[in-house]
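Here's the letter readout for the chains.
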Amino acid sequence: MESIMVNFALPVSMLACVVAAILSIGFPIVRIIKDKDPAVFKQIGIYAGAAIILYLLGYVLAGSADPEYLELRKISSTIYTNVSVGITAMITMTVVAFGLIIYSEVKSILK
């Protein structure tokens, strides 16, 4: 039973995840190209700029691992840095999201 799950279900679930990611990115791109609204292109530029800034912030804050740690885990420093960037970006987005939730609740209370 375990062999079936690993050999069949795991690849199928990975394929489904890839298809879902392509569709979730593809449909908005098709809609944007079809509408050709300048405001949408401006919004895309803002989002792309924010993503680049978030990546650069994560890269600057990413630490460097000891060579002994990298050798023990059998990973390269590039992989370590990219994972660190991803974790830093996730934590930053989480903090910003909670901050915006608190801001909106306080704003609605004070209205």
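Residues numbered from 1 in each chain as written. Predicted model: local features only at pLDDT ≥ 70, side-chain atom pairs only at ≥ 80, totals over all residues. Heavy atoms only, no water.

Trainee: An account of helix α2 (residues 38–61) is needed here, citing residue identities and associated values.
Mentor: Taking 1.5 Å as the rise per residue, α2 with 24 residues should run 34 Å; its terminal C-alpha atoms sit 35 Å apart, in good agreement. When we look at burial in α2, the residues that qualify are Val40, Leu54 and Gly58. (Helix = DSSP H or I, 4+ residues; strand = E, 2+ residues; numbered from the N terminus. Expected span 1.5 Å × (residues − 1). Buried < 20%, exposed > 50% of the residue type's maximum accessible area, 1.4 Å probe, protein only.)

Trainee: Could you give an account of the side chain of Ser84, naming the residues involved and the relevant values?
Mentor: Following the sequence through the fold, Ser84 ends up in helix α4 (residues 77–110). For Ser84, the contacting residues outside a window of four places in its chain are Ala62 and Gly63. (Contact = heavy atoms within 4.5 Å.)

Trainee: Just give me the short version of unusual backbone geometry, but keep the residues and values in it.
Mentor: Residue Lys74 is not a glycine yet carries a positive backbone phi of 60 degrees. By the element assignment, Lys74 lies in the loop between α3 (67–73) and α4.

Trainee: Describe α4, with residues and values.
Mentor: An α-helix turns once every 3.6 residues. As a result, residues three or four positions apart point the same way. In this model, α4 (34 residues) spans 49 Å end to end at C-alpha, consistent with the 50 Å of a helix rising 1.5 Å per residue. Residues of α4 that are buried include every one of Ser84, Val85, Thr88 and Ala89, and no others.

Trainee: Help me get a handle on the packing of aromatic side chains, residues and values and all.
Mentor: The tally for this structure, following the rule as stated, stands at two aromatic pairs. Taking 6.4 Å as the distance between ring centres and 25 degrees as the angle between the ring planes, the aromatic pair formed by Tyr55 and Tyr59 counts as stacked. Residue Tyr55 and its partner Tyr59 are located together in helix α2, separated by four residues, close to a single helical turn. We classify Tyr55 as partly exposed; its relative accessible area is 41%. (Phe/Tyr/Trp six-rings, centres within 6.5 Å; stacked < 30°, edge-to-face > 60°.)

Trainee: So what's going on with the packing of α2 against α4? Residues and values would help.
Mentor: For the pair α2 and α4, the least separation of the axes is 8 Å and the interaxial angle reads 120 degrees. If you check the angle between α2 and α4, you find them oblique. Where α2 crosses over α4, the two elements pack in a sense that is right-handed. From α2, Leu54, Tyr55, Leu57, Gly58, Tyr59 and Leu61 reach across to α4, where they touch Thr81, Asn82, Val85, Thr88, Ala89, Thr92 and Met93. Taken together, the residues that form the contact of α2 with α4 break down as eight nonpolar, five polar and no charged. (Axes fitted to C-alpha atoms, helices over the stretch in contact; angles between N-to-C directions. Parallel < 35°, antiparallel > 145°, perpendicular 65-115°, else oblique. Left-handed = near helix turned anticlockwise from the far one by under 90°. Nonpolar A, V, L, I, M, F, W, Y, C, P; charged D, E, K, R; others polar.)

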